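# Residue-level structure breakdown
One letter stands for each residue in the lines below.
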Amino acid sequence: MAVPLLQELIEKGEEEDACIELLSNILEVLYKAQKHGAGEERHKDRGDTELVKVKKHIQLILERLLHTVNRRVIILDRENTLRSHYVACMAAILSQMDKDHYSSYIKAFPSRPELMDFLMETFILFKDLIGKMVYPSDWMVMNMVQNREFLRAINHFAATLTEMFLSNSSFELQLWNNYFHLAVAFLTQDSLQLENFSQAKRNSILAKYGDMRATIGAAIRDMWYNLGHHKIEFIPSMVGPILEMTLVPELELRKSTIPIFFDMMLCEYQLTESFSRFEDEILRKLDSEVEGGRGDEQYKQLFESILLSCCQRHPELAKPGENFVALVTGLLERLLDYRAVMNDENKTYSMSCTVNLLNFYKEIDRQAMYIRYLYKLKDLHVSYENYTEGAYTLLLHARLLKWSDEANTAPMQGLHSPSLHTQRQLKEALYNQIIDYFDQGKMWEEAIHICKELAEQYESEVFDYEMLSDILQREAKFYEKILKVLRPSPDYFAVGYYGQGFPTFLRNKVFIYRGKEYERREDFEMQLLSPFPNAEQLKSTSPPGQDITGSLGQYIQCFTVQPVEEAKFRFKDRSIPEQITNFYKANHVQKFSYSRPFKKGPKDPDNEFATMWIERTTFVTAYPLPGILRWFAVTSTTTTIISPLENAIETMMKTNEKIMSEINRHQNDPSLPINPLSMLLNGIVDPAVMGGFAKYETAFFQESYLQEHPEDEGNIEKLKDLIAWQTPLLAEGIRIHGRKVTEDLRPFHERMEQCFMQLRAKVESQYGVREMVCFEDRRSGRPRSMAWGPDWDRLSHAGDRQVLAPPTPKPAPRTSESEDRRNERKENRSSTFFGYRRQDLRQSISELPEPKEEKRRLSRNMTESSLGSSEGKQPLPSRDTTGAQPSTAGLSLSPTGFGGRVKSASKAPPLPRKISPTVYETFLEQSDA
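Residues numbered from 1 in each chain as written. Predicted model: local features only at pLDDT ≥ 70, side-chain atom pairs only at ≥ 80, totals over all residues. Heavy atoms only, no water.

A separate point is the overall build of the protein. The helix and strand tally for the protein stands at 37 helices and nine strands. A burial count over the protein gives 48% of its 929 residues as buried. A fraction of 74% describes how many contacts in the protein between residues 6 or more apart in sequence connect residues 24 or more apart. Just so you have it, the protein exposes about 45,700 Å², and 52% of that area is on carbon and sulfur atoms. (Helix = DSSP H or I, 4+ residues; strand = E, 2+ residues; numbered from the N terminus. Buried < 20%, exposed > 50% of the residue type's maximum accessible area, 1.4 Å probe, protein only. Contact = heavy atoms within 4.5 Å. Areas by Shrake-Rupley, 256 points an atom, 1.4 Å probe, with all protein chains shown as cover.)

Spelled out as structure tokens, the structure:
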């Protein structure tokens with residue numbers, strides 16, 4: 001009578017506390033009776049009789065109360081305290097059931113649909129109780145008892161599935177699907193992951209309950225193979241759960257379950273001659289599983305060896321299987337690297353691993369995953385205020401989109417919400433975000449490119465003139481910032497990670513890093529070393545040997561490198577403000593050099609330049625900097641040796657460029673302090689300060705040197721020419737210095753002038769006179785800068801070529817009075833070089849040479865005896881020592897605004913003669929063209 005009454009009350013939810021207590025007492029009595037009956041060895045007949053009675057009672061409870069208790073557990077809220085008591089009763093009922101009980105209980109269902117409903121309900125209930133545990137995690141005994149009974153029940157119900165729901169006519173896909181998901185959930189639950197427990201707790205669980213993961217894993221494997229031709233219905237839906245199971249860190253479990261993957265591949269291949277659905281799903285699931293903490297190096301090796309072995313036994317899958325295994329292991333390697341550094345405080349290496357992953361997904365054309373990691377990378381950059389890199393990262397997504405009204409197919413991330421329905425809308429939003437990031441990163445040149453593309457859309461495609469006005473105003477502000485806002489050039493550092501102790505993405509590789517504004521190398525090195533506290537910093541800049549690269553330790557090498565600017569043909573032979581040109585010297589750079597001086601040959605204690613050789617190492621990175629990272633790996637390295645003479649030429653070129661740069665700065669901004677210019681000029685003109693170039697003369701201009709090195713004759717002439725061309729640059733620098741010097745520094749300036757006069761006399765007597773004829777920029781307003789052209793020696797050898805005289809000017813057409821006034825205003829605001837105004841030029845025209853001879857002289861550099869002897873020399877070596885002397889396209893004019901003249905060192909300069917103002921005006925017009 002008690003059992004039917006309990007059933008009625010539990011179903012109604014009445015007197016539940018009393019019902020639970022009564023049911024618990026009944027189950028406890030039956031448990032003791034069953035145990036007592038099993039122990040009656042001396043009275044076997046009496047014991048068997050007792051057991052039969054107990055089994056009948058259990059059968060009654062099973063038939064009347066198991067389903068009722070299950071339903072009550074499902075109905076009650078998780079917070080209800082009675083729920084855990086009902087679960088305990090359910091586990092107690094299951095614990096007292098044997099094989100006969102299960103069999104009779106299954107047969108007791110009046111129809112097949114009712115049995116299927118019960119199994120469905122039970123599988124869902126078990127999965128829910130496993131996923132959201134009823135008891136606290138430290139109640140080990142209760143949790144393990146529940147798991148033990150659930151495992152017995154799952155295995156009994158699995159047999160029912162095979163017997164009653166597997167044939168073609170009776171196959172139930174959803175029921176089997178629920179079984180697999182329940183079994184995997186059971187296997188992967190936290191309370192069974194023994195490797196997370198202490199050794200004592202692990203031993204205790206193994207001794208009492210065993211490793212239940214191995215048992216359920218074997219059952220899952222057998223149930224999969226039982227499916228036969230129904231397997232294809234579980235591909236790709238079961239790929240994720242099976243992957244989750246194989247990632248459990250238990251060696252025997254992995255060995256027994258990883259072959260399921262090959263069976264899935266084979267099943268799909270036999271039907272479709274490919275396994276693309278399986279491949280897509282495992283790549284997608286592997287990403288989330290490894291990021292969530294599953295998987296390790298052992299799994300990667302097992303996966304590779306087991307699947308390759310399986311593929312080799314099936315010739316038709318040998319090649320595609322091998323490619324698939326390489327793909328998955330490559331992804332696993334990158335994912336493990338990413339996970340290892342994902343939670344580091346220093347996100348530098350997280351960014352590297354993120355780029356490795358997004359590049360991988362791009363190569364295998366998985367756009368959704370590629371975009372996912374693009375936004376991970378962008379968020380990392382913005383969190384570290386790497387706005388330039390964040391902009392380049394977003395640009396990769398924007399480039400995937402079209403200027404069209406097609407719907408977005410790829411998933412959108414971040415602030416780019418579902419309100420952006422079309423590709424045009426999303427691309428426009430991305431572009432505006434990119435422009436903001438480039439602005440914050442002071443990369444206004446890049447922002448201008450994006451503005452131009454948006455302006456084209458607004459003007460010609462969507463005809464939104466209001467947006468066009470806004471974007472053009474933004475673009476104009478960027479142009480203004482380029483000229484007016486200070487942008488310090490970043491330093492670049494070469495960093496080598498040597499030793500087997502580093503992760504694979506760093507091990508024995510060299511990277512070029514782009515430093516932040518005003519970042520000192522000491523601070524940069526400290527950031528580098530912080531993730532590797534045990535790393536040793538190498539003091540040498542030479543590549544380490546095998547003893548270091550093969551060691552188990554960690555060695556970091558760091559030194560500053562110089563960007564090697566790519567030739568910009570649109571800047572060639574033109575004078576461009578240095579605010580513009582300086583940007584390209586440190587940006588969009590893919591080559592970097594490091595120069596290491598060393599001594600070679602007999603030492604000269606009085607002149608170190610004679611034996612100062614340079615070992616120049618050039619590094620080429622995988623991508624130009626800046627880019628989507630602040631660093632990129634070095635892909636190739638070359639080393640060249642620079643002779644002392646070539647080193648001297650480079651040094652003179654750099655000095656002349658520095659003088660030009662300072663002159664430009666002061667010409668464009670008269671408010672600049674004079675101290676840097678003072679130090680630069682005094683260091684050159686006063687031999688007591690730097691020694692001047694006299695050491696070059698001693699080292700290279702002696703007859704004995706030329707006899708020993710006849711191949712250097714051309715380079716000697718270059719060096720002489722550079723020394724000679726330094727004189728007019730120094731003259732202009734000293735003129736500006738004299739104009740700005742304060743009275744307190746007037747004696748210093750006069751001393752510098754005296755030194756320069758002596759220097760000038762010496763240089764002009766030995767190397768000839770170089771003159772730079774001032775001409776003015778006839779365009780309005782923009783300050784101009786000086787720049788050394790790559791074919792510097794054209795000025796000194798222009799006499800070897802013919803230059804056509806300018807054509808006879810045609811009479812100028814009459815202009816209106818308003819045009820005359822505009823031209824006058826334009827003349828008054830025209831920029832000039834070195835401060836000369838147009839009226840000053842016209843006043844001095846009478847002092848210029850006659851046009852008959854000057855038609856050639858103004859458009860080239862005349863060479864006389866000192867350069868005529870150099871005709872027929874062998875071509876100069878192709879090296880970056882060229883580019884020392886300025887020139888203007890079509891006219892041998894310096895981009896500083898000076899036409900160059902070379903005069904013989906052995907003759908006195910000719911007296912000036914007059915030149916027609918008309919001819920000179922024509923010359924100026926040609927120079928503008």
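A few words now on the environment of Glu566. In this fold, Glu566 is placed in the loop between strand E4 (555-564) and helix H25 (578-586). Once the C-alpha coordinates of Glu566 and His588 are considered, the two residues, 22 residues apart in sequence, prove to be 8.3 Å apart.

We now examine the packing of aromatic side chains. Inspection of the entire model under this criterion finds 46 aromatic pairs. Taken together, a centroid distance of 5.3 Å and an interplanar angle of 70° make the contact between Tyr105 and Phe118 edge-to-face. With a gap of 13 residues between them, Tyr105 in helix H5 (residues 99-107) and Phe118 in helix H6 (residues 112-131) connect regions that are remote in the sequence. Accessibility classification places Tyr105 together with Phe118 in one group, the buried group. Each ring, one from Phe502 and one from Phe532, has its centre 4.9 Å from the other, and the planes form 85°; the classification is edge-to-face. Separated by 30 residues along the polypeptide, Phe502 in the loop between strand E1 (492-498) and strand E2 (509-514) and Phe532 in the loop between helix H23 (521-529) and strand E3 (536-538) bring together distant segments of the chain. Taking relative accessible area as the criterion, Phe502 reaches 1% and is therefore assigned buried. Pairwise contacts between aromatic rings join Tyr102, Tyr105, Phe109, Phe118, Phe123, Phe157, Phe171, Trp176, Tyr179, Phe180, Trp224 and Phe234 into one cluster. Lying across the ring of Phe197, Lys201 places its NZ or CZ 4.4 Å from the centre. Positioned over the ring face of Trp613 is Lys600, at 4.3 Å from the centre of the ring. (Phe/Tyr/Trp six-rings, centres within 6.5 Å; stacked < 30°, edge-to-face > 60°. Lys NZ or Arg CZ within 6 Å of the ring centre and 35° of its normal.)

On to the environment of Met757. Locating Met757 in the fold gives a position in helix H32 (residues 746-767). Met757 gets classed as exposed once you look at its relative accessible area, which sits at 52%. Residues Met757 and Ala731 lie 26 residues apart in sequence; the distance between their C-alpha atoms is 9.3 Å.

The next thing to look at is helix H21 (residues 444-461). In this model H21 runs 25 Å from its N-terminal to its C-terminal C-alpha over 18 residues, within 8% of the 26 Å that 1.5 Å per residue would give. Structurally, H21 contributes buried residues whose contacts are with helix H19 (387-398), helix H20 (423-440), helix H22 (465-484) and H25. (Expected span 1.5 Å × (residues − 1).)

Direction vectors running N to C along helix H14 (residues 276-291) and helix H16 (residues 315-342) enclose 15°, while the axes themselves pass 9 Å from each other. With respect to their mutual orientation, H14 and H16 come out roughly parallel. Crossing of H14 against H16: the hand is right-handed. Judged by residue contacts, Phe278, Glu279, Ile282, Leu283, Leu286, Asp287, Val290 and Glu291 of H14 engage Phe324, Leu327, Val328, Leu331, Leu332, Leu335, Leu336, Tyr338, Arg339 and Met342 from H16. Of the residues assigned to the contact of H14 with H16, the class counts are 14 nonpolar, no polar and four charged. (Axes fitted to C-alpha atoms, helices over the stretch in contact; angles between N-to-C directions. Parallel < 35°, antiparallel > 145°, perpendicular 65-115°, else oblique. Left-handed = near helix turned anticlockwise from the far one by under 90°. Nonpolar A, V, L, I, M, F, W, Y, C, P; charged D, E, K, R; others polar.)

There is a patch of like negative charges on the surface, built from Glu14, Glu15, Asp17 and Glu21. Position of Glu15 relative to the elements: it lies in the loop between helix H1 (2-12) and helix H2 (16-38). (Patch = residues over 30% accessible without salt bridge, like charges linked within 9 Å, V, L, I, M, F, W, Y side chains within 5 Å. Salt bridge = Lys/Arg side-chain N within 4 Å of Asp/Glu carboxyl O. Lys, Arg positive; Asp, Glu negative; His and termini not counted. Charge placed at Lys NZ, Arg CZ, Asp CG, Glu CD.)

This part is about unusual backbone geometry. Here the residue pair Ile235 and Pro236 is connected by a cis peptide bond, since its omega of 10° sits within 30 degrees of zero. Within the fold, Pro236 resides in the loop between helix H10 (212-226) and helix H11 (239-246). With omega at 0°, the peptide bond leading from Leu625 into Pro626 counts as cis. Despite not being glycine, Asn508 has its phi angle at roughly 55°, a positive value. Of note, Asn508 is situated in the loop between E1 and E2.

Moving on to the pattern of salt bridges. Scanning all chains against the criterion turns up 47 salt bridges. Residues Arg424 and Asp405 are paired through a salt bridge, measuring 3.6 Å at the closest nitrogen-oxygen approach. Placement of the pair is Arg424 in helix H20 and Asp405 in the loop between H19 and H20, with a sequence separation of 19 residues. Owing to a relative accessible area of 59%, Asp405 belongs among the exposed residues under this scheme. Here Glu662 ties to Arg665 by a salt bridge, and the two come within 2.9 Å at their closest N and O atoms. Here the residue Glu662 and the residue Arg665 both occupy positions in helix H26 (residues 644-668), the gap between them amounting to three residues, near one helical turn. One continuous salt-bridge network, built from bridges that share partners, spans Asp287, Glu291, Arg372 and Lys376.

Over its 16 residues, helix H15 (residues 297-312) extends 23 Å from the first C-alpha to the last, a length consistent with the 22 Å expected when each residue adds 1.5 Å. Considering only its buried residues, H15 is in contact with H11, helix H12 (251-257), helix H13 (259-272), H14 and H16. At the N-terminal boundary of H15, the capping side chain belongs to Asp296, with an oxygen 3.2 Å from the backbone nitrogen of Gln298. (Polar contact = N/O pair within 3.5 Å; in protein donor to acceptor, adjacent residues only side chain to side chain.)

This next bit is on the pairing of E2. The pairing of E1 with E2 spans six bridges and is antiparallel. Bridging across to E2, Gly496 finds its partner in Val510. Strand direction decides the pairing type here: E2 and strand E7 (residues 631-642), joined by three bridges, are antiparallel. Across the sheet, residue Phe511 finds its bridge partner in E7, namely Ala633. (Pairing = 2+ DSSP bridges.)

Pairing geometry for E1 and E4, over seven bridges, is antiparallel. For Tyr498, the partnering residue across the bridge sits in E4 and is Tyr555. Bridge analysis of E3 against E4 gives three bridges, and the strand direction is parallel. When the sheet's bridge partners are listed, Leu538 is paired in E4 with Gln557.

Right, let's get into the side chain of Ser170. Relative to the elements of secondary structure, Ser170 occurs in the loop between helix H7 (140-164) and helix H8 (173-188). In this structure the side chain of Ser170 is engaged in a polar contact, spanning 2.5 Å, whose partner is the side chain of Ser167.

Ranked by size, the top nonpolar core spans 198 residues in total, and within it Phe261 and Tyr497 carry the most contacts. Examining the composition of this core, we find that twelve residues originate from one element, H16, more than from any other. Residues in contact with Phe261, not counting those within four places in the same chain, are Val239, Ile242, Leu243, Thr246, Phe278, Ile282, Tyr299, Phe303 and Leu307. (Core = buried A, V, L, I, M, F, W, Y, C linked by side-chain atoms within 4.5 Å.)

Turning to its location among the elements, Asn147 is positioned in helix H7. Residue contacts for Asn147: discarding those within four places in its chain leaves Phe186, Gln189, Ser191, Leu192 and Met212.

With that out of the way, let us pick up the packing of H20 against H22. Following both chains from N to C, one finds H20 and H22 inclined at 20°, their axes separated by 12 Å at the closest point. The angle between H20 and H22 falls in the class roughly parallel. In the packing of H20 onto H22, the handedness of the crossing is left-handed. For the pair H20 and H22, contact is made by Glu428, Asn432, Ile435, Asp436 and Asp439 and by Met467, Ile471, Arg474, Phe478 and Lys481, respectively. Looking at side-chain class alone, the contact of H20 with H22 contains four nonpolar, one polar and five charged residues.

What follows concerns the confidence of the model for the protein. When pLDDT is low, close inspection of the predicted coordinates is not appropriate. Summary statistics for the protein give a mean pLDDT of 81 and a share of 79% for residues scoring 70 or more. The low-confidence segment residues 774-818, where pLDDT is below 50, has 145 contacts with residues more than four positions distant or belonging to other chains. The low-confidence segment residues 906-929 (pLDDT under 50) makes 60 contacts with residues lying over four places distant or belonging to another chain. (pLDDT = per-residue confidence, 0-100.)

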